Amino acid sequence: MHLFRYLLVFIFIAVGTGLFAQNNINTEKFEVSGNCAMCKKRIETAGKDAGAKSIEWDSSTGIATVTYDSSKNSLDKIKQGIAEAGHDTKEFRAPDATYEELHECCLYPRMDAEQEHDHDHDHAEEGHQHEEGQEHNHDDDGGHNHDHDHEVTGVVVNESEKGDLTPITEVTIFWLDNPSKKVKTNENGVFKIMHQKPYRKLVISHASMQGDTIEVKNLHEVLVVQAKNNTLQEIVVTRRQKSNYISKLTPNRVETITAKELFKAACCDLSESFETNASVDVVSSDAVTGSKQIQMLGLAGIYTQLTVEGLPGPRGFASPLGLNSIAGTWIEAINISKGIGSVANGFENMAGQINVELKKPHNSEKLFFNAYANNMGRTDVNLNLSHHINEKWSVGLLLHDNFMYNKKMNFSDNGFRDIPVGNLFSGVNRWHFENGKGIIAQFGVKFLHDDRIGGQIEFNENTDKLTTNKYGLGFKNQRIEGFGKLGYVFPTNKHRSIGLQLSASQYKQESFFGLNTYDNEQNSYYANLLFQDIIGDVSHKYKVGASVQYDHYDEDLKRVNSNNDYAYNFGRKEAVTGVFAEYTFSPSEKFDAVLGIRQDYNNLYGWFTTPRAVLRYEPILGTTLRLSSGRGQRTANIFAENLGIFASSRAINGLANLASGEHAYGLKPEVSWNTGFTVDQSFQLFGRESGVSVELFHNNFQNQVVVDFENPREVSFYNLDGKSYSNSLQAEFRFMPAPHFEARMAYRMLDVETEYKSGKLQKPLTAKHRGFMNLAYNTHSGWHFDYTLNVVGKKRLPNTNSNPVEYQLASQSDAYVTMNAQVSKTLGKNKNFDIYIGGENLSNFYQKDPILAFDQPFGQHFDTNMLWGPMTGRMFYTGIRYHIK
């Protein structure tokens, strides 16, 4: 709270002392979407017409540098003039009619004005998604490359005395080394010609103009040939698309994983979508249920807010198995924001936010099909369909079916299935409406059915369930959700918009673990109303709104056929209503300050306040500094979030007291403060774009529900009495050592400690050190090669000294290395068919003792919660992808 006050004081002092004061003649930088020389000419002309003294747009970065007289004009007016000429800026979207009339070479990927990465209010403009650094369908070679066949694309235009650019038709183009094969420009001045090694020089000729011979230095660039004074000459290049990038202009640090990045691995579901990412870990929760959880900043996934297009994702009871329900092929992009986010997103964010953008019916493929199979017996089938009904309506269908029927997969040879067998089916039906007059609506329904059986290989559910014949476990999960979004952008003021987000869901789980049964049901309802506008100009923006989250939880715990049978019911109704306000101060493209505050009322715990602040500063071009701080709060669901406790012989300490406790198990809500500082530096290395990032985050709990495994015979849940914190340091280096070759390397160090009843200890089963490397290489002939290396350090293991010697574990696990690799090939005339083959955990490292006392599954020392490494060894897979645009 003190740091938040200090940030407020800093901003007001800075403003008061004139830190951001400007002279009448100002120079500013901002992002403008475009592709080529024709775009450059159009942008710079529009900027000058709108009042800029000078303007220069860099096609390689998309950044416009503008000088203007603030006493006579505003930067906002210049940006609006550029947008009206057909080029999106962050604040203004070009009219659709103007954009569609641009030259075909200039049709850049659209940028949603005021919506880029701002998923807390994507109700208004959820159309085309702009990717920072995206180009016009070409990858950056970064240098000479003439050793393979490739189709070279270019455009020929004429510049008049007034500076207008018009396409030239019937221009002849051929390779100097092969004059027999000629092509001509079409009605838009565009040409395509196949390159053959080792050709380097193109001849451009026209009957009424002086020709030119051009050396093609980069096969991946769109060549722009401009005629002036009857002379043809080459002038400009294009921009490069990134599969993983960090936005430089948003106040919050948002790392975006695109669908292109997801294709570097099989990514059958969301839990597998972070394999090529250094920021998020995905680990198995225990050794028998197959459930996985994300970890960020050294904290469990329950402290990271998971949203799907700004709406609540699988949460509460659904969180342990929720990652498996979202198919990787459904995903358009994943946005990862570490630390504290916007108050408009809610109050539960404590370690960060992961927002998943699904494919939308109005801008995705008509058909996308994926089939996957691995040597362990798993198969996945995905089908995406979309259809434009008319100019206003479109509909989409996303389907995912997962099968696992190999009952005998058991790498550790302990007689237990490494992965439960069964079937998971999920689907999404969604509709999109846009009337072109400011109204955008989306609505749909999601469905999940998951039915799996695990335990000992010989377990038969019909004869062995809830007996001591053989140990088994199983769960049947069903979730259905309806969602809707309605947004309106005021036609007379594009900065002003209002939006409503709605969702309602029901989740049911029926499960058994040996002699234990655990059933639950959750009914949830969510609504978020948001209004945003500016105060005077775009330097001062604000959002205000109100939200309500209602959850009805019901849990039944039973133990049968044993000496300590029990039956308990836990139920609660929790409603949180609140209002919020957020102010953004952006005096220039170099600085943003975001101050937000929420006031909520929880019917169980009363009033609470959530303040948050974010600062972004770019002292020089290419260097971005960010500072964030704020508060988060959540209510723990101790049983659903720790399913593995039922799959062991550990007793739940004080179960009767938990059942009779007030509110949620008699425990307080979890509260923490998160503060983070990040530095992102971009630069040129080997003539190509590179970057370094350093992140520091500190999370300090004022209260936490401690999950204590330090007694091997029991598990305890209690309120924190002392200190609990996490410190995270991560450094990442990104560069392109050669054309077509991308490399990312990262190192992370975690210091996570909690005050247990037995003393202050490092968090168990969490690696203090981790190293990461991802290499990606692709060719023009459609080959893609990807390799990922993870080095995971030692982890502290919970104390087992009171167990018999044969059931005791070391105080620390081993360090280990895993390697994944994939090779894919794009085929077909339209390049719409992919074949891929890959392997995971190629180092074949797996934990040899994932289950403690596996030989006595109904004994007092049986424990499935001591999982610190991979459950399975080397695995190979193959698959196909096919799409129709």
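Residues numbered from 1 in each chain as written. Predicted model: local features only at pLDDT ≥ 70, side-chain atom pairs only at ≥ 80, totals over all residues. Heavy atoms only, no water.

**Structural notes on the overall build of the protein**
Put simply, the test is: A run of DSSP states H or I qualifies as a helix once it reaches four residues; a run of E qualifies as a strand once it reaches two. Both are numbered from the N-terminal end. Each residue gets one of three labels from its accessible area relative to the maximum for its type: buried under 20%, exposed over 50%, partly exposed in between, using a 1.4 Å probe on protein chains only. For this analysis, residues touch if any pair of their heavy atoms sits within 4.5 Å. The Shrake-Rupley method, run with a 1.4 Å probe, gives the accessible areas here. Residue values count only the displayed protein chains as cover.
Broken down by element type, the protein carries eight helices and 47 strands. When each of the 885 residues of the protein is scored for burial, the buried share is 59%. Taking contacts inside the protein between residues at least 6 apart in sequence as the whole, the part at least 24 apart equals 65%. In the structure as shown, the protein presents an accessible area of about 34,900 Å², 54% of it carried by carbon and sulfur atoms.

**Topic: the environment of H784**
Here H784 shows up in strand β44 (residues 783-792). It is 8.0 Å that separates the C-alpha atoms of H784 and Q822, two residues lying 38 residues apart in sequence.

**Some remarks on the nonpolar core**
What counts is decided by this rule: Think of a nonpolar core as a cluster: buried Ala, Val, Leu, Ile, Met, Phe, Trp, Tyr and Cys residues, connected wherever their side-chain atoms sit within 4.5 Å.
Counting residues in each nonpolar core, the largest one holds 40 residues, and the members touching the most others are L270, F274, I331, I334, I336 and I354. The contacts of I331, once residues within four sequence positions are left out, are A259, L262, L270, S273, I326, V356, E357, L358 and K359. Counting residues in each nonpolar core, the second largest holds 37 residues, with V288, Y553, A664 and M871 among its members.

**Observations regarding unusual backbone geometry**
For D413, which is not glycine, the phi dihedral falls at a positive 55°. Along the chain, D413 falls in the loop between β24 (393-404) and β25 (421-434). Under the relative-accessibility criterion, D413 is labelled exposed at 65%. Even without being a glycine, N844 presents a positive backbone phi close to 60°. Relative to the assigned elements, N844 resides in the loop between β46 (833-840) and β47 (875-884). Accessibility expressed as a relative area gives 28% for N844, which makes it partly exposed.

**Thoughts on the pairing of strand β38 (residues 705-708)**
Just so we agree on the cut-off: For two strands to be treated as a pair, DSSP must find at least two bridges joining them.
Here β38 pairs with strand β39 (residues 714-719) via four bridges, running antiparallel. Bridging across to β39, V707 finds its partner in F717. Joining the antiparallel neighbours β38 and β39 is a turn of five residues.

**Re helix α3 (residues 75-84)**
With seven of its ten residues buried, α3 lies for the most part within the structure. Residues of α3 that are buried: L75, D76, I78, K79, G81, I82 and A83.

**Some details on the environment of Y525**
Here Y525 lies in strand β29 (residues 516-535). Counting along the chain gives 23 residues from Y525 to L502, while the straight-line C-alpha distance between them is 7.8 Å. Excluding anything up to four places from it in sequence, Y525 contacts S503, A504, V548, Q549 and Y550.

**Observations concerning the pattern of salt bridges**
Our working rule: The salt bridge definition used is simple: a Lys or Arg side-chain nitrogen within 4 Å of an Asp or Glu carboxyl oxygen.
This model, assessed by the stated rule, comprises 35 salt bridges. We note a salt bridge from E309 to R430, for which the minimum N-O separation is 2.9 Å. Remark: R430 occurs in strand β25 and E309 occurs in the loop between β18 (304-308) and β19 (311-312); sequence separation between them is 121 residues. Assessed through its relative accessible area of 4%, E309 is described here as buried. R744 is the partner of E732 in a salt bridge, and the nearest nitrogen-oxygen pair spans 4.0 Å. Of this pair, E732 sits in strand β40 (residues 724-738) while R744 is found in strand β41 (residues 741-756), placing the two residues twelve residues apart along the sequence. Through salt bridges with shared partners, one network takes in R253, K338, R626, D680 and E695.

**Details of the packing of aromatic side chains**
Just so we agree on the cut-off: Between the rings of Phe, Tyr and Trp (Trp by its six-membered ring), a pair exists once the centres lie within 6.5 Å; its type follows the angle of the planes, with under 30 degrees stacked, over 60 edge-to-face, and the other angles tilted.
The final tally for this structure, using the stated rule, is 39 aromatic pairs. With a centroid separation of 5.7 Å and an interplanar angle of 55°, the aromatic rings of Y471 and F858 are classed as tilted. Here Y471 is found in the loop between α7 (461-464) and β27 (472-489), whereas its partner F858 is found in the loop between β46 and β47, with 387 residues between them in sequence. For the pair W783 and F785, a centre-to-centre distance of 6.1 Å together with 15° between the ring planes defines the contact as stacked. With a relative accessible area of 33%, F785 lands in the partly exposed category.

**Quick word on the sheet that holds β18**
The strand order across the open sheet built from six strands is β13-β14-β20-β21-β18-β19, with neighbouring strands paired in mixed fashion. With partners counted over all chains shown, the strands left at the sheet margins are β13 (244-246) and β19, one partner each. Both strand β14 (residues 254-258) and strand β20 (residues 331-338) contribute to a ladder of five bridges, which runs antiparallel. Bridge pairing links T258 to A333 in β20.

**A short note on the sheet that holds strand β2 (residues 54-58)**
Defined as follows: Only the stretch in contact is used when fitting a helix axis, every axis being a line fitted to C-alpha atoms; angles between N-to-C directions are given from 0 to 180 degrees.
An order of β1-β3-β2 is seen for the three strands of this open sheet, with the pairing classed as antiparallel. Looking at the sheet topology across the chains shown, the edges are occupied by β1 (25-31) and β2. The mean angle between the axes of side-by-side strands here comes to 15°, regardless of whether they run parallel or antiparallel. Bridge analysis of β2 against strand β3 (residues 63-69) gives five bridges, and the strand direction is antiparallel. From the neighbouring strand, D58 faces β3, where its bridge partner is I63. α3 rests against β1, β2 and β3 of the sheet, and its axis sits at about 40° to β1.

**Some points on the side chain of E91**
The condition that has to hold: Here a polar contact means two N or O atoms within 3.5 Å. Within protein one must be a hydrogen donor candidate and the other an acceptor candidate, and residues neighboring in sequence count only if both atoms are side-chain atoms.
Looking at the secondary structure, you find E91 in the loop between α3 and α4 (96-100). When its relative accessible area of 7% is taken as the criterion, E91 is described as buried. Engagement of the side chain of E91 in a polar contact is seen with the side chain of K79, the distance being 3.1 Å.

**Re a nonpolar patch on the surface**
Worth spelling out the cut-off: Every patch collects residues that have over 30% relative accessible area and no salt bridge, joining them within 9 Å if they carry like charges and within 5 Å if they are nonpolar side chains (Val, Leu, Ile, Met, Phe, Trp, Tyr).
Judged by side-chain polarity, L486, I498, L500, L502 and L529 come together as a nonpolar surface patch covering roughly 380 Å² of accessible area. Here the nonpolar patch takes three residues from strand β28 (residues 497-513), the largest share from any one element. Relative to the helices and strands, L500 is located in strand β28. Taking relative accessible area as the criterion, L500 reaches 31% and is therefore assigned partly exposed.

**Overview of the side chain of D380**
Residue placement: D380 occurs in strand β23 (residues 378-388). Assessed through its relative accessible area of 1%, D380 is described here as buried. Polar side-chain contacts of D380 include one of 2.7 Å to the side chain of R378. A polar atom in the side chain of D380 sits 3.1 Å from the side chain of N402. Residue contacts for D380: discarding those within four places in its chain leaves C268, N370, A371, Y372, H400, D401 and N402.

**Overview of the environment of W783**
Position of W783 among the secondary structure elements: in strand β44. The partly exposed category is assigned to W783, whose relative accessible area is 37%. Once the C-alpha coordinates of W783 and V823 are considered, the two residues, 40 residues apart in sequence, prove to be 7.3 Å apart. When residues no more than four places from it in sequence are discounted, the contact partners of W783 are Y777, N778, V823, S824 and K825.

**Details of the confidence of the model for the protein**
For the record, the criterion: Here pLDDT means the predictor's own confidence in every residue, given as a number from 0 to 100.
When pLDDT is averaged across the protein, the result is 87; 89% of the residues are at 70 or more. Every residue in residues 1-22 is under pLDDT 50, and counting partners more than four places away or in other chains gives 28 contacts.

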